[in-house]
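Spelled out from the first residue to the last, the chains are:
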Amino acid sequence: ADVAYLRSVLPSTTDDAFFDYLATLDASEVTVTAIPEGSVVFARVPFLQVKGPLLVVQLLETTLLCLVNYASLVATNAARFRLLVGPDTKLMEMGLRRAQGPDGALSASKYSYIGGFDCTSNILAGKLYGIPVRGTIAHSFVMSFRCLEEVQPRELPPRAGGDPMDLAALAVSWLQRVCDLLQTPPAKANQGELAAFVSYAVTFPCDFQGLLDTYCVKRSGLPNFCAVALALHQLGYQAIGVRLDSGDLAKQSKEIRRVFRACGAHFQVPWFGNIPIAVSNDISEQSLEEFRREGSEIDMIGIGTNLVTCPLQPSLGCVYKLVEVNGSPCLKLTEDEEKMTIPGMKTTYRLYDAAGHPFMDLMALEEEPSPSAGQELGIRVLGRLGETTKVIPSTVEPLHRTYFRDGQVCEPLPSLPEVRTHAQVSLNLLSPAHRRLHEPQHYPV
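From a predicted model like this one, the values you see are computed outputs, not experimental measurements.

Q: Got a sec to walk through the overall build of the protein chain? Specific residues and values, please.
A: Assigned secondary structure in the protein chain consists of 15 helices and 19 strands. The globule rule puts the C-alpha radius of gyration for 445 residues at 22 Å, and the 29 Å found for the protein chain is more than 25% above it. Seen along its three principal axes, the alpha-carbon backbone of the protein chain occupies a region of about 85 × 60 × 40 Å. Counting every position in the protein chain, which comprises 445 residues, the buried fraction comes to 44%. At a minimum sequence separation of 6, the contacts of the protein chain that also span at least 24 residues come to 64%. When the accessible area of the protein chain is evaluated, it comes to approximately 23400 Å², of which 53% is carbon and sulfur surface. Averaging the locations of the 39 positively and 48 negatively charged side chains of the protein chain gives two centres separated by 7 Å.

Q: Lay out helix α5 (residues 101–115) with the relevant residues and their values.
A: For α5, spanning 15 residues, the distance from its first C-alpha to its last is 21 Å, which sits close to the expected 21 Å at 1.5 Å a residue. Looking at α5, one finds that the buried residues are G104, A105, L106, A108, S109, Y111, S112, Y113, I114 and G115. Check the buried side of α5 and you find it contacts α4 (61–85), β3 (90–93), β4 (119–120), α6 (123–129), α13 (305–308) and α14 (416–429). Phi turns positive, to about 130 degrees, at G116, one or two residues after α5.

Q: Describe the sheet that holds strand β7 (residues 209–211), naming the residues involved and giving the relevant values.
A: Across the sheet, which stays open at both edges, the six strands sit in the order β4-β3-β10-β9-β8-β7 with parallel pairing between neighbours. Of all strands in the sheet, those with a lone pairing partner are β4 and β7, marking the two edges. As paired elements, β3 and strand β10 (residues 300–303) share four bridges and run parallel to each other. Each residue of the ladder has a partner; that of K90, found in β10, is M300.

Q: Got a sec to walk through the pairing of β10? Specific residues and values, please.
A: Residues M300 and G302 point to one face of β10 and I301 and I303 to the other, with burial holding for every one of them. Strand direction decides the pairing type here: strand β9 (residues 277–279) and β10, joined by two bridges, are parallel. From the neighbouring strand, V279 faces β10, where its bridge partner is I301. A crossover connection joins β9 to the parallel β10 through helix α12 (residues 285–294); in handedness this β-α-β unit is right-handed.

Q: Before we move on, can you summarise the UniProt feature "domain: Nicotinate phosphoribosyltransferase C-terminal" (unreviewed entry) in the protein chain with the specific residues and values?
A: Under the present numbering, the feature "domain: Nicotinate phosphoribosyltransferase C-terminal" (unreviewed entry) in UniProt falls on residues 346–445. The distance from the first to the last C-alpha atom of residues 346–445 is 13 Å, and the span holds 18% helix and 39% strand.

Q: Give a detailed account of the UniProt feature "domain: Nicotinate phosphoribosyltransferase N-terminal" (unreviewed entry) in the protein chain, specifying residues and quantitative values.
A: Here the UniProt feature "domain: Nicotinate phosphoribosyltransferase N-terminal" (unreviewed entry) sits at residues 2–69. Secondary structure content for residues 2–69 is 44% helix and 12% strand, while the C-alpha to C-alpha distance between its ends is 26 Å.

Q: Explain a nonpolar patch on the surface residue by residue, including any values.
A: Taken together, the side chains of Y5, L6, V9, L10, F18 and Y21 make up a nonpolar region of the molecular surface, amounting to roughly 520 Å² of accessible area. Of all the secondary-structure elements, those providing two or more residues to the nonpolar patch are α1 (2–9) and α2 (16–22). Considering every element that reaches the nonpolar patch, the biggest residue donor is α1, with three residues. Take V9: it is sitting in helix α1. Accessibility expressed as a relative area gives 47% for V9, which makes it partly exposed.

Q: Break down the packing of α5 against α14 for me, citing the residues and quoting the values.
A: For the pair α5 and α14, the least separation of the axes is 7 Å and the interaxial angle reads 45 degrees. As summarised for this structure, α5 and α14 are arranged oblique, according to the angle between their axes. Along its contact with α5, which presents K110, Y113, I114 and G115, the element α14 presents L416, V419, R420, A423 and Q424. Class assignment of the residues belonging to the contact of α5 with α14 gives a composition of five nonpolar, two polar and two charged.

Q: Outline unusual backbone geometry, supporting the account with residue identities and numerical values.
A: In the segment running from Q152 into P153, the intervening peptide bond is cis, with an omega of -10 degrees. Structurally, P153 is set in the loop between α7 (139–143) and β5 (155–156). Unusually for a residue other than glycine, C310 sits at a positive phi of about 50 degrees. Here C310 lies in the loop between α13 and β11 (324–325). At E439, a residue that is not glycine, the phi angle is positive and equals roughly 50 degrees.

Q: How would you explain the nonpolar core if you had to name every residue and give the values?
A: In terms of nonpolar packing, the biggest core is built from 86 residues, with V198, F208, F225, F260 and F272 touching the most fellow members. With ten residues, the single largest contributor to this core is helix α10 (residues 217–234).

Q: Outline helix α11 (residues 249–266), supporting the account with residue identities and numerical values.
A: Between the first and last C-alpha of α11 there are 25 Å, a value that for 18 residues agrees with the 26 Å anticipated at 1.5 Å per step. Within α11 the residues assigned to the buried category are L249, A250, Q252, S253, I256, R257, V259, F260, C263 and G264. Downstream of α11 by one or two residues, Q268 has phi in the positive range, about 60 degrees.

Reading the values: the criteria
- Residues numbered from 1 in each chain as written.
- Predicted model: local features only at pLDDT ≥ 70, side-chain atom pairs only at ≥ 80, totals over all residues.
- Heavy atoms only, no water.
- Helix = DSSP H or I, 4+ residues; strand = E, 2+ residues; numbered from the N terminus.
- Rg over C-alpha atoms; globule rule 2.2 N^0.38 Å.
- Buried < 20%, exposed > 50% of the residue type's maximum accessible area, 1.4 Å probe, protein only.
- Contact = heavy atoms within 4.5 Å.
- Areas by Shrake-Rupley, 256 points an atom, 1.4 Å probe, with all protein chains shown as cover.
- Lys, Arg positive; Asp, Glu negative; His and termini not counted.
- Charge placed at Lys NZ, Arg CZ, Asp CG, Glu CD.
- Expected span 1.5 Å × (residues − 1).
- Pairing = 2+ DSSP bridges.
- Right-handed = clockwise from strand over helix to strand, strands pointing away.
- UniProt positions renumbered as here; feature names shortened; annotations may be inferred.
- Patch = residues over 30% accessible without salt bridge, like charges linked within 9 Å, V, L, I, M, F, W, Y side chains within 5 Å.
- Salt bridge = Lys/Arg side-chain N within 4 Å of Asp/Glu carboxyl O.
- Axes fitted to C-alpha atoms, helices over the stretch in contact; angles between N-to-C directions.
- Parallel < 35°, antiparallel > 145°, perpendicular 65-115°, else oblique.
- Nonpolar A, V, L, I, M, F, W, Y, C, P; charged D, E, K, R; others polar.
- Core = buried A, V, L, I, M, F, W, Y, C linked by side-chain atoms within 4.5 Å.

Pasting the structure below:
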């Protein structure tokens, strides 16, 4: 069918023998070497090398670039968010509604996980790839309730066993006590919101969480949540968190933490002060820097648009260039130095200093002898090719591995968690000067 389609779109003068040849193509003569998935890769370093018949390897160009460019871009974007928040804050990918179609959304979920995110709201990505899935109560769910009479069922048995109790009635009782403590009138708390929280808590008593900003965080969402969480506590259950989706998130998180601690102390519920606080709402790198600068009580951050659409760098720009044909090196010359190719089949090594940090990537021709630890090497840095420099690495790591030879996968492919772990290890090996996001020190190749 593919060959028949090509016959219909290519010029009618195309030789029939060409189509006969296309019908025989396979990957039996193709070899692919690559830097392992999840590795840190620097500009101008070939992370993938493909050897085989020229027509076959050229047919692979668009497919390979499509598979690699967006995936690498999202993983890099996710890694930047992880570096900004540090290792302890939970990061949730929630960009499905803003991604470039369902395939882009699945790629974004998968590769943001590799880049350091903890979980995704994309349930299909969880099913396909085993990524932990998390989500929160929705505004539409809260808004769908008007009064407590709509809550069915409303009874919940104590966790330790016993007769079911009316959770709605308990929540109303606790709301009065919470409002007295917070000095806010109970009448200001939206009854539909309270009903939504009670309904959710009856259904998920061990996983109750609240979305606080549907109406008003201070007068409604927060006291309603505290009332239902304390009612659950009375029955032996523990709420797992809240989410904010608007306003000054850092400031509100501190106010909410203060209320949680006050309730925990006043009602003698020690765990209450540590209820996790999650935030969302167009979070960007700038947002995270502001959270850090202002101080916050945020435990989990949901990031969507600014993760999956990669606004800081909309495309990665990896290229696929011919470097050798039948043993003869090829060189593309252009006035744009960044687009000039480096001729010849190469082997790439990562050189480490005595502290264990990589300080340079070294490209050499395949036939050149491999460098070794402690050996003095004469090198030329890209961008300064007229100068020869001497370096002595403490450790030398060959970067490429052969994954595909003679049409067959020849090395076991790592699982997604293994790739994710490798990515974090790779990033942590970088020196702080190379890892910082603003004005990093140039990494030489």
